[in-house]
Amino acid sequence: MVGPPPLKGLKVLEFAGLAPGPFAGLLLSDAGANVLRIDRAVPGKTHTVESEAPPTGDLLTRHKSSIAVDLKSPAGIALVKELAKSSDIIIDPFRPGVLEKLGLGPDVLCAANPRLVYGRMAGFRRDGKYAAMAGHDINYLAVSGALSMLGRRGEKPHPPWNILADFAGGGAMLFQGILLAIISREKTGRGQVVEANMVDGASYLATFPRQALKTPMGSEPRGENVLDGGCPYYDTYETKDGKYVAVGALESQFYAVLIRGLGLSDDLNQTRLDRDSWPAMTKQFEAVFKSKTRSEWEEVFDGTDACVTPVLDYPELENNPDREGDQRPNVTLRDTPMLAVHQKAADPVVQGQGDGWPGSGYEGQSLLPGQGGEEALRSWFGLDREMDYGVQNGGLVLRPKSKL
């Protein structure tokens, strides 16, 4: 018998933003926290019976609810302040100073609720030369130094989608900081401000590669080192059917299994560490891997220690039940598992509690501004539309005589 998800009961106010903030909120909601997104009010569309506002571009909405608030309205600001008094966590995704100008900065909200954990996500450092500038994942990677290490030999630096800064260095780092603050609150009884930015987050993730620049493993130019595409037995290769395999046979015992599987001479074991031989070895590997299909290579290497695996794409993971494509929570907690991602998840511990979510992790579900929010206000905060709040220009506002 498993217990409730680990963060059940925590109340989170997530100001609507782009990828990093919503991702931190997603990690919290998948762990059972009640996450209420604060969207922009659309007059005549949000919180009306007659029509609804168009969906936002945010697809990271599992288990979340939304209310629309006009943050230019004093009564709307008042509602947010009152909600913050009984919330556990705030997620601020805006540029430095935005919420402070609205009277919703940490100095105000944390003074009203000393237990509040105020999580702030910025792109650049708040105290750095780029603090007031706009940016995206590629810019944060660029000034962190991490982007300089990504790319093939002789080619320009190349970002890996927006995984590294937005999500790993941004949202996941903010989530970690929030959890640390929650743990600290258990000891001190007080919340605190959590500062995260994608430059420092990405740089921290690059700790080992950065330090390796001063060692033989990473001292060569970009694309010429062991782990960045320079080493022939740590690379990807095209197969006969136009698909790819990944090779990671770094250790000598794994490399020996690779060579045998490829049907090559054991003499290559003697030149494994000779960098001068790597270009010729790469061409040899390319030719051999193109002699069989990916499936044929799987038959050769599956179950061995050659460190050769197929490069699987998401469509085949989603549609082929023989592949391990069922999306699961990011970690498994044995006693208090997180909420399931994959629809109709069978194992409540390994795959998460509940029946999963529409789309099984492959299709994001839009959350309409205002969707589910009034029910959340009732069940999470005990608020009633007639008594405590109303609607003004499409946004929820605090009634002057609220019981709060």
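- Under the annotation held in an unreviewed UniProt entry, the protein carries the name Alpha-methylacyl-CoA racemase and is attributed to Apiospora kogelbergensis.
- A UniProt comment under Sequence similarities (unreviewed entry) is attached to the protein, and it reads "Belongs to the CoA-transferase III family."

### Comments concerning the packing of helix α5 (residues 137-144) against helix α7 (residues 198-205)
Thinking step 1. It is at 8 Å that the axes of α5 and α7 come closest, and there the two elements cross at 60 degrees. By the angle between their directions, the pair α5 and α7 is classed as oblique. Between α5 and α7 the crossing geometry is right-handed. Where α5 abuts α7, its residues Tyr140, Leu141, Val143 and Ser144 lie against Met198, Val199, Ala202 and Ser203.
Thinking step 2. A class-by-class count of the residues in the contact of α5 with α7 yields six nonpolar, two polar and no charged.

### Remarks on unusual backbone geometry
Thinking step 1. Of note in this structure, Lys344 is not a glycine but carries a positive phi near 55 degrees.
Thinking step 2. Along the chain, Lys344 falls in the loop between α12 (314-319) and α13 (373-381).
Thinking step 3. Since its relative accessible area comes to 73%, Lys344 is described here as exposed.
Thinking step 4. Non-glycine residue Asn393 carries a positive phi angle of around 55 degrees.

### A word on α7
An α-helix turns once every 3.6 residues. As a result, residues three or four positions apart point the same way.
Thinking step 1. For α7, the set of buried residues is Met198, Val199, Gly201, Ala202 and Ser203.
Thinking step 2. Of the surrounding elements, those touching the buried residues of α7 are α1 (20-30), β5 (117-122), α5, α6 (163-188), β6 (193-197) and α8 (207-212).
Thinking step 3. The opening residue of α7 is Asn197, an N-cap whose side-chain oxygen sits 3.1 Å from the backbone nitrogen of Val199.

### Regarding the packing of α1 against α6
Thinking step 1. Direction vectors running N to C along α1 and α6 enclose 50 degrees, while the axes themselves pass 8 Å from each other. One way to sum up the angle between α1 and α6 is to call them oblique. In this structure, α1 meets α6 at a crossing whose hand is right-handed. Contact residues: Pro20, Phe23, Ala24, Leu27 and Leu28 in α1; Asp166, Phe167, Gly170, Gly171, Ala172, Leu174, Phe175 and Ile178 in α6.
Thinking step 2. Its residues assigned to classes, the contact of α1 with α6 comprises 10 nonpolar, two polar and one charged.

### Description of the nonpolar core
Thinking step 1. Ranked by size, the top nonpolar core spans 33 residues in total, and within it Leu28, Ile89, Ile91, Leu174 and Ile178 carry the most contacts.
Thinking step 2. Element by element, the count of residues in this core is highest for α6, at six residues.
Thinking step 3. When near neighbours in sequence (up to four residues on either side) are disregarded, Leu28 contacts Leu7, Val12, Ala33, Val35, Ile89, Ile91, Phe175 and Ile178.
Thinking step 4. Among the nonpolar cores identified, the runner-up in size contains 26 residues, and Leu71, Ile90, Tyr118 and Leu398 belong to it.

### Some points on the pairing of strand β4 (residues 89-92)
Thinking step 1. Burial along β4 is two-sided: the residues Ile89 and Ile91 and Ile90 and Asp92 are all buried.
Thinking step 2. The pairing of strand β1 (residues 11-15) with β4 spans three bridges and is parallel. From the neighbouring strand, Leu13 faces β4, where its bridge partner is Ile90.
Thinking step 3. Of the pairings in the sheet, the one linking β4 to β5 comprises four bridges and is parallel in character.

The rules we used
Residues numbered from 1 in each chain as written. Predicted model: local features only at pLDDT ≥ 70, side-chain atom pairs only at ≥ 80, totals over all residues. Heavy atoms only, no water. UniProt positions renumbered as here; feature names shortened; annotations may be inferred. Axes fitted to C-alpha atoms, helices over the stretch in contact; angles between N-to-C directions. Helix = DSSP H or I, 4+ residues; strand = E, 2+ residues; numbered from the N terminus. Parallel < 35°, antiparallel > 145°, perpendicular 65-115°, else oblique. Left-handed = near helix turned anticlockwise from the far one by under 90°. Contact = heavy atoms within 4.5 Å. Nonpolar A, V, L, I, M, F, W, Y, C, P; charged D, E, K, R; others polar. Buried < 20%, exposed > 50% of the residue type's maximum accessible area, 1.4 Å probe, protein only. Polar contact = N/O pair within 3.5 Å; in protein donor to acceptor, adjacent residues only side chain to side chain. Core = buried A, V, L, I, M, F, W, Y, C linked by side-chain atoms within 4.5 Å. Pairing = 2+ DSSP bridges.

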